[in-house]
Amino acid sequence: MTTEFVLSQTDGRPMYLQIMEQIKRRITVGDWLPGYRLPSIREMAVGTRVSVITVKRAYQELESAGVIVTQQGKGSFVAEIGDLQQQLKNTELNAALDAAIDAGDALGLTADELLARLQQRQKGEDA
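Residues numbered from 1 in each chain as written. Predicted model: local features only at pLDDT ≥ 70, side-chain atom pairs only at ≥ 80, totals over all residues. Heavy atoms only, no water.

Participant: Describe helix α4 (residues 84-106), naming the residues involved and giving the relevant values.
Facilitator: Every α-helical turn comprises 3.6 residues, leaving residues that sit three or four positions apart pointing alike. Across its 23 residues, α4 extends 33 Å between first and last C-alpha, which sits within 8% of the 33 Å expected from 1.5 Å per residue. Buried residues in α4 make contact with α1 (15-28), β2 (75-78) and α5 (111-122). After α4 finishes, the residue Gly 108 shows a positive phi value of roughly 80°. (Helix = DSSP H or I, 4+ residues; strand = E, 2+ residues; numbered from the N terminus. Expected span 1.5 Å × (residues − 1). Contact = heavy atoms within 4.5 Å.)

Participant: Can you explain the pairing of strand β1 (residues 68-71)? Please cite residues and give values.
Facilitator: As paired elements, β1 and β2 share 4 bridges and run antiparallel to each other. When the bridges of β2 are listed, Val 69 appears paired with Phe 77. Connecting β1 to the antiparallel partner β2 that follows it, the hairpin turn spans 3 residues, and Gly 73 within it adopts a positive phi of roughly 80°. (Pairing = 2+ DSSP bridges.)

Participant: Which residues make up the packing of aromatic side chains, and what values go with them?
Facilitator: Counted according to the given criterion, the structure contains 2 aromatic pairs. With a centroid separation of 6.0 Å and an interplanar angle of 50°, the aromatic rings of Phe 5 and Trp 32 are classed as tilted. Here Phe 5 is found in the segment before α1, whereas its partner Trp 32 is found in the loop between α1 and α2 (41-48), with 27 residues between them in sequence. On the basis of relative accessible area, Trp 32 is assigned to the buried category, the value being 5%. Grouped by ring-pair contacts, the aromatic residues Phe 5, Trp 32 and Tyr 36 constitute a single cluster. Against the face of Phe 5 rests Arg 26, its NZ or CZ located 4.2 Å from the ring centre. (Phe/Tyr/Trp six-rings, centres within 6.5 Å; stacked < 30°, edge-to-face > 60°. Buried < 20%, exposed > 50% of the residue type's maximum accessible area, 1.4 Å probe, protein only. Lys NZ or Arg CZ within 6 Å of the ring centre and 35° of its normal.)

Set out below in structure tokens:
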């Protein structure tokens, strides 16, 4: 179950953020639906070869963000929010668009030039 998580020491981001990202990714793509029981903190720690404290932080952050809920004695579950999957998709897309906008600004591109480049890339064309 947790062997599907791939964490990298060379990533540059803390392990708990990598765990959070991969959990959100599974929810976003529909692998983990609302109500899905996540691996226990200990199971995740063993499966990912990180400390229990690291996994606990990831779970706490996800719970604070409303992505998961924890029930004492039962475990942690994907939050049963009707539009959670869409919210996560929008958040991920907005982050990518913000990065593209920042790159365009740094390169001196106008909004129209950036949009044209995006449309070219979507068609598989190089500029």
